Amino acid sequence: MSTLTAALGTDRARWLRATLTVLAAAAVTVGAPFYFTPFQVFQLTMVLLYAVALAGLNLLVGFGGQISLGHGAFFAAGAYTAAVMLDRYDTGHLATLPVAAAGCFLLGLGFGVPALRLRGLYLALVTLSFAVFLPPLLKRLEPVTGGSMGLTVDKLRPPAWSGLAEDQWMYFVVLAVTAVALLLARNLLRSRVGRALLAVRDNESAAEVMGVRLSLHKTLAFAWSAMFAGVAGCLYTWVIGFVSPDSFSFVLSITLLAGLVVGGLGSLYGPLLGAAFVMYVPSVSQDLSEAAPGVVFGLLIITVMFVAPTGLAGLPGRVLGAVASRLPRATAASAVDRTPEVTSAPDAEPKSGAESGPCATLDPADPAVVDTEPVGAPPRTEKD
């Protein structure tokens, strides 16, 4: 009974800590746009939409075990879907979100077919070719995409009843979409689909023996990942109000993958940390070195990977583990230091005779020594 009570108490404590953490994070998140400048609010909004894209990439790379260097292409597809609908067809902003999500989901399904036969570096090269191929294609489709000049659309305007500024309203809309996307990703990972993805990542042969359909789940991993990227691209169009092919070069795909690795692969909090890295580190690199910001950016990535090989999400656990491993050693060392040592008294006199050991010096005046016969001497007689 006591064990059950202790377990219930532990569960309640964990639930209480989790609840308090969520409430504190919600309070900070909701109050942020009222205490920061418009530019800082814009940066926070970009962090949120990048987190949506990285959450989809985490499903594919972190939990699915696939390698994708073309995630920026799905991001661009969602952005251009929203821009074309707003510019050519004058639809509402909210109507572009489900269309971009559905279109990128279908695009991911079609692109997931090569994943059935390719893996590793070969799959990475195929996805990279998609990211390199898309910007020139967008430039050639000038009647639809605007060519090299791109498309300029209206940003999402706040309603009159909200009483919020444009940057604040945009922040809250993107925050709501990001919360729904992260919750959906979490539920997917805890469902049967998520368990199948983990099985495929760890051992494809064992997963197939257990009844997991490799072709279905690999294709679905690309589809879900592309859908999240398309949603993030749609939000990008809402926030920026302008799209062009040069904004979605293959460098964006490399940056997204680097941000996910830095944030933490296979972690639910990794996309948020990686999005902050993608947003803030390039600006910090630009401030530190205007001549070579890329060099500073690369050095920062190397430094973070050296300090936190499992990503920023795994850094607290790594630090706590190192501290916990040192505590028993420190306790044992202190216990050894407290053990009393036997020392000889400074005034002790050396023992004589047989008590002094085999190396003691014999005293001729000692009767025991006088009566002692040398080894090997002939036996004594009464006459002697």
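Throughout what follows, the structure given in this document is the object of discussion. Since we're looking at a predicted model, the values are computed, not measured. (Residues numbered from 1 in each chain as written. Predicted model: local features only at pLDDT ≥ 70, side-chain atom pairs only at ≥ 80, totals over all residues. Heavy atoms only, no water.)

Describing the overall build of the protein
The secondary structure content of the protein amounts to 15 helices and two strands. Excluding contacts between residues fewer than 6 apart, the proportion of contacts in the protein whose partners are at least 24 apart in sequence is 75%. For the protein, the accessible surface area stands at approximately 22,700 Å², while carbon and sulfur atoms represent 66% of it. (Helix = DSSP H or I, 4+ residues; strand = E, 2+ residues; numbered from the N terminus. Contact = heavy atoms within 4.5 Å. Areas by Shrake-Rupley, 256 points an atom, 1.4 Å probe, with all protein chains shown as cover.)

A closer look at the environment of V281
With respect to the helices and strands, V281 occurs in helix α12 (residues 270–288). The spacing of V281 and P293 is 12 residues in sequence and 9.7 Å in space, taken between C-alpha atoms. Sequence-distant contacts of V281, that is, excluding residues within four places in its chain, are made with A276, F297 and L300.

Considerations on a nonpolar patch on the surface
Taken together, the side chains of W15, L16, L20 and L23 make up a nonpolar region of the molecular surface, amounting to roughly 470 Å² of accessible area. Tracing the backbone through its elements, the reader meets L23 in helix α1 (residues 2–31). On the basis of relative accessible area, L23 is assigned to the exposed category, the value being 53%. (Patch = residues over 30% accessible without salt bridge, like charges linked within 9 Å, V, L, I, M, F, W, Y side chains within 5 Å. Salt bridge = Lys/Arg side-chain N within 4 Å of Asp/Glu carboxyl O. Buried < 20%, exposed > 50% of the residue type's maximum accessible area, 1.4 Å probe, protein only.)

A few points about helix α13 (residues 293–307)
The end-to-end C-alpha distance of α13 is 21 Å, a good match for the 21 Å that 15 residues give at a rise of 1.5 Å each. All of the buried residues in α13 are V296, F297, I301 and V304. Axial view of α13: buried residues confined to an arc of 140°, hence all on one face. Exposed residues on α13 whose side chains face more than 90 degrees from its buried face are V295, L299, I302 and F306. Close packing links the buried residues of α13 with α11 (250–263) and α12. (Expected span 1.5 Å × (residues − 1). Arc of directions from axis to C-beta.)

Topic: the state of the cysteines
Scanning all chains against the criterion turns up zero disulfides. The thiol sulfur of C104 is not disulfide-bonded, and the nearest other cysteine sulfur, from C234, lies at 9.2 Å. A relative accessible area of 2% means that C104 is categorised as buried. (Disulfide = S-S within 2.5 Å.)

What to know about unusual backbone geometry
A positive phi is found at D90, a non-glycine position, where the angle reads about 55°. One can find D90 in the loop between α3 (71–88) and α4 (93–111).

Some remarks on the packing of aromatic side chains
Tallied over the entire structure, the rule returns 11 aromatic pairs. Consider the rings of Y236 and F248, whose centres lie 5.6 Å apart with planes at 70°: the pair is edge-to-face. Residue Y236 is found in helix α10 (residues 214–240), and its partner F248 is found in the loop between β2 (242–243) and α11; the two are separated by 12 residues along the sequence. Cluster of aromatic residues (ring-pair linked, three or more members): Y50, F75, Y80, Y236 and F248. (Phe/Tyr/Trp six-rings, centres within 6.5 Å; stacked < 30°, edge-to-face > 60°.)

Comments concerning the nonpolar core
Judged by nonpolar contacts, the single largest core of 73 residues is most densely connected at L49, Y50, F75, W238 and F248. For this core, the secondary structure elements donating two or more residues are α2 (38–63), α3, α4, α5 (121–140), α7 (166–189), α10, α11 and α12. Looking at this core, the element that brings in the most residues is α2, giving 15 residues. In terms of nonpolar packing, the next biggest core, distinct from the first, is built from seven residues, V262, V281, F297 and V304 among them. (Core = buried A, V, L, I, M, F, W, Y, C linked by side-chain atoms within 4.5 Å.)

Some words on the environment of V47
Along the chain, V47 turns up in helix α2. Spatially, the C-alpha atom of V47 lies 9.9 Å from that of V174, the residues being 127 residues apart in sequence. Residue contacts for V47: discarding those within four places in its chain leaves L272, A275, A276, M279 and Y280.

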